[in-house]
Amino acid sequence: MRTTITVNGTARALDVDPRMTLLDLLREHLKLTGAKKGCDHGQCGACTVLVNGVRINSCLSLAVMHDGDEVVSIEGVGTPEKLHPVQTAFLNQDAFQCGYCTPGQICSTLGMLSELEAGVPSQETPPGATPVFSEVEVRERMSGNICRCTAYPQIIEAIKQAREAMA
Amino acid sequence: MRPFTYERAASPAAAAKAAALTKGARFIAGGTNLLDLMKLDIEQPTHLIDVSRLPMAQIEATPEGGLRIGASATNSTAAAHVDIRARYPVLSEAIVSGGSPQLRNKASVGGNLLQRTRCAYFYDTSKPCNKRAPGSGCSALEGLNRNAAIFGASPACIATHPSDMAVALVALGARVETVSPSGDVRTVPMADLHRLPGDMPHVETTLVPGELITAVVLPPPPAGGQIYRKVRDRASYAGGLASVAVAGGQVALGMVAHKPWRAQAAEAALAGGASPAEAIAKELEGASSLGRNDFKVPLVARLTAAAISEAKGRG
């Protein structure tokens, strides 16, 4: 099925099988292998990308359902020469060991910061209150991204540092 | 994943009509539960009807002073909506206690109501399960049934409904708006949307084949405080063992039955002046457990009594 998706700023028109997930489209068709296939069931977050600015699990979404959408994967976040502040902070804070979950963690961080900015509540937000950036909020809001190397303390530090750098 | 055909519906009525025309057709909106189950070969649709782009995402006030939530609004949008947070906090709290942010960003309100059980045997295609393969038996009866129902179960199925959002909607007395393949529009009370298992646990709702949920309609909020409380094995991103939604004098329980469980006996006792502990004890007179899920009975007793008391403090 003819599907046009803007990926990292470039419109890509492709013929896709209805069964193909957005993750497989990125990895197998476009050879953008930054987004990872961890569990393939929405449990680990390694496949997290931004669709129209919102973070989702690309493994649990059909590519044909994204006709006309704008997708940003880790390849569109920064380049080795010009890292995004979140990428720099992950490096500075040693926020990974094997690195497999990192593209998902970084895309998720970007989505998470936008959600906080927009006032989206979490279960840690007091009733009626506007959510504010805090370690408790960040931990809760990043719970959809698993790191089996357990770099969680460094990931939290990296997110704090990135937010300051982006302010 | 098995092959299927795909179409984008032009309107809610056209989607319902198309669903009735094709055997094995399913609607897809967020797809977070359906695609997971299709990958596992548990769901085997032959045709997907994409309803995600239909104009059903609005959240708007009703003339009666309530709120109408379009079925394709995402869980995140509903949880963050200013009127829902201000007037229906139990609903916002229930939504953000379910899934992960990525899932809530994709999952639709209508789809949340129609998600399938998390019973391990429903997921294990090598084992009998009356819900997945009608007539094959229930492996959970004498198996891993720690998260099984304590209300309304049958010898055919002891699975629970996993939704958090639905529990809050039942407590709020919401109604579900639908369109059928014939084009008829009707509203169903949330408490009547889901069925008890009986001898047909594979039939989970009272919707007719092809009937599409178009919206959830909230009445004006009842007087009194609201709260949602959920107990689970880890603090975030985990299915519940038990949950409770309180909205004034209205109480619903989650993950304890094949459907979100309106605690009518507890409500009646509360209305008659019973203490929170006495009220939930009345409800639990109708509970039964199987051994591994015995703990749910005292858990629900303490959880519900505490939540009712805390909700009063918020009133």
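Only a predicted model underlies this, so the values are computations on that prediction, with no experimental measurement involved.

(A) How the structure looks around the overall build of chain A. Secondary structure assignment for chain A yields 5 helices and 5 strands. Listing every helix and strand of chain A by position from the N terminus yields β-β-α-β-β-β-α-α-α-α. For chain A, whose C-alpha radius of gyration is 16 Å, the value lies close to the compact-globule estimate of 15 Å for 167 residues. When burial is assessed residue by residue, chain A has 54% of its 167 residues classed as buried.

(B) Fine view of the sheet that holds strand S3 (residues 48-51) of chain A. Residues and elements named next belong to chain A. Read from one edge of the open sheet, 5 strands run S2-S1-S5-S3-S4, paired in mixed fashion. At either end of the open sheet lies a strand with only one pairing partner, and these are strand S2 (10-15) and strand S4 (54-57). The mean inter-strand angle of the sheet, taken between neighbouring strand axes irrespective of direction, is 40 degrees. Taken together, the 6 bridges between strand S1 (residues 2-7) and S2 define a ladder with antiparallel strand orientation. What sits directly across from Val 7, in S2, is Thr 10. Against the sheet, helix H3 (residues 102-117) makes contact with S3, S4 and strand S5 (70-72), and its axis sits at roughly 40 degrees relative to S3, the strand it touches most.

(C) A look at the pairing of S1 of chain A. All names here are of chain A. Following S1, the chain reverses through 2 residues before pairing antiparallel with S2; Asn 8 in that reversal takes a positive phi of roughly 50 degrees. Bridge count between S1 and S5: 2 bridges; the pairing is parallel. Looking at the pairing, Val 7 lines up with Val 71 of S5.

(D) Looking closely at the pattern of salt bridges. The tally for this structure, following the rule as stated, stands at 24 salt bridges over all chains. Among the salt bridges present, the one from Glu 115 of chain A reaches Arg 55 of chain A, with a minimum N-O distance of 2.7 Å. Of the two residues, Glu 115 of chain A is situated in helix H3 and Arg 55 of chain A in strand S4; the sequence distance between them amounts to 60 residues. Among the ionic pairs, Arg 116 of chain B bridges to Glu 204 of chain B, the shortest N-O distance being 2.9 Å. You can see Arg 116 of chain B sitting in the loop between helix H7 (109-113) and helix H8 (120-123) and its partner Glu 204 of chain B sitting in the loop between helix H10 (190-193) and strand S8 (212-218), a full 88 residues away along the chain. Classification of Arg 116 of chain B by relative accessible area gives buried; the value is 12%. Overall, Glu 204 of chain B belongs to the buried group, its relative accessible area being 14%. Three or more residues are tied together by salt bridges with common partners; here these are Arg 26, Glu 43, Arg 116, Lys 131 and Glu 204 of chain B.

(E) Looking closely at unusual backbone geometry. Residue Asp 40 of chain A is not a glycine yet carries a positive backbone phi of 65 degrees. With respect to the helices, strands and loops of the structure, Asp 40 of chain A is situated in the loop between helix H1 (22-29) and S3. With relative accessibility at 18%, the residue Asp 40 of chain A sits in the buried group. Positive phi, close to 65 degrees, is recorded for Asp 41 of chain B, a residue that is not glycine. Tracing the chain through its elements places Asp 41 of chain B in the loop between helix H2 (34-39) and strand S3 (47-50). A relative accessible area of 31% places Asp 41 of chain B in the partly exposed class.

(F) Spatial organisation of empty space enclosed by the protein. Scanning the model with the defined rule gives 4 cavities of 30 Å³ or more in all. Of the pockets and cavities examined, the largest cavity occupies roughly 80 Å³. Lining the largest cavity are 15 residues, with Cys 119, Cys 129, Cys 138, Cys 157 and Ala 159 of chain B positioned closest to its centre. Its residues placed into classes, the lining of the largest cavity shows 10 nonpolar, 4 polar and 1 charged. Taken together, Arg 55, Glu 115, Val 120, Pro 121, Ser 122 and Arg 141 of chain A together with Ser 76, Pro 101, Arg 104 and Asn 105 of chain B form the lining of the second largest cavity. Of the residues forming the lining of the second largest cavity, the biggest block, 3 residues, is contributed by helix H6 (residues 101-106) of chain B.

(G) Summary view of the nonpolar core. Judged by nonpolar contacts, the single largest core of 50 residues is most densely connected at Leu 91, Leu 113, Leu 169, Met 190 and Leu 218 of chain B. The greatest single-element share of this core, amounting to 7 residues, is contributed by helix H9 (residues 165-171) of chain B. One finds Ala 35 and Ile 56 of chain A together with Leu 103 and Tyr 237 of chain B within the second-largest nonpolar core, a separate group that totals 32 residues.

(H) Up close: the interface of chain B and chain A. Each partner contributes to the interface: chain B provides 37 residues, whereas chain A provides 41 residues. For the chain B and chain A pair, buried surface summed over both sides reaches about 3,000 Å², with 55% attributable to carbon and sulfur atoms. Contact with chain A buries area across many residues of chain B, yet Lys 39, Arg 85 and Gln 102 of chain B alone supply 23% of it, more than any other trio. Run the count over chain B and chain A and you get 2 salt bridges. One salt bridge in this structure joins Asp 67 of chain A and Arg 8 of chain B, with 4.0 Å as the shortest N-O distance. Where chain B packs against chain A, one counts 18 residue pairs in polar contact (both at pLDDT 80 or more). Every element with two or more residues in the side of chain B that touches chain A is listed here: strand S1 (5-8), H2, S3, helix H3 (75-80), helix H5 (89-96) and H6 of chain B.

(I) Spatial organisation of the confidence of the model for chain B. Mean pLDDT over chain B stands at 97; residues scoring 70 or higher make up 100%. This prediction of the complex comes with two scores: 0.98 for pTM and 0.98 for ipTM.

Calculation rules
- Residues numbered from 1 in each chain as written.
- Chains lettered and ligands numbered in written order.
- Predicted model: local features only at pLDDT ≥ 70, side-chain atom pairs only at ≥ 80, totals over all residues.
- Heavy atoms only, no water.
- Helix = DSSP H or I, 4+ residues; strand = E, 2+ residues; numbered from the N terminus.
- Rg over C-alpha atoms; globule rule 2.2 N^0.38 Å.
- Buried < 20%, exposed > 50% of the residue type's maximum accessible area, 1.4 Å probe, protein only.
- Pairing = 2+ DSSP bridges.
- Axes fitted to C-alpha atoms, helices over the stretch in contact; angles between N-to-C directions.
- Contact = heavy atoms within 4.5 Å.
- Salt bridge = Lys/Arg side-chain N within 4 Å of Asp/Glu carboxyl O.
- 1 Å grid on protein atoms, 1.4 Å probe; cavity = no way out; pocket = protein on both sides within 12 Å on 5 of 7 lines; lining within 4 Å.
- Points joined across faces, edges and corners; volume = space filled by probe spheres on them.
- Nonpolar A, V, L, I, M, F, W, Y, C, P; charged D, E, K, R; others polar.
- Core = buried A, V, L, I, M, F, W, Y, C linked by side-chain atoms within 4.5 Å.
- Buried area = accessible area lost by both parts, 1.4 Å probe.
- Polar contact = N/O pair within 3.5 Å; in protein donor to acceptor, adjacent residues only side chain to side chain.
- pLDDT = per-residue confidence, 0-100.

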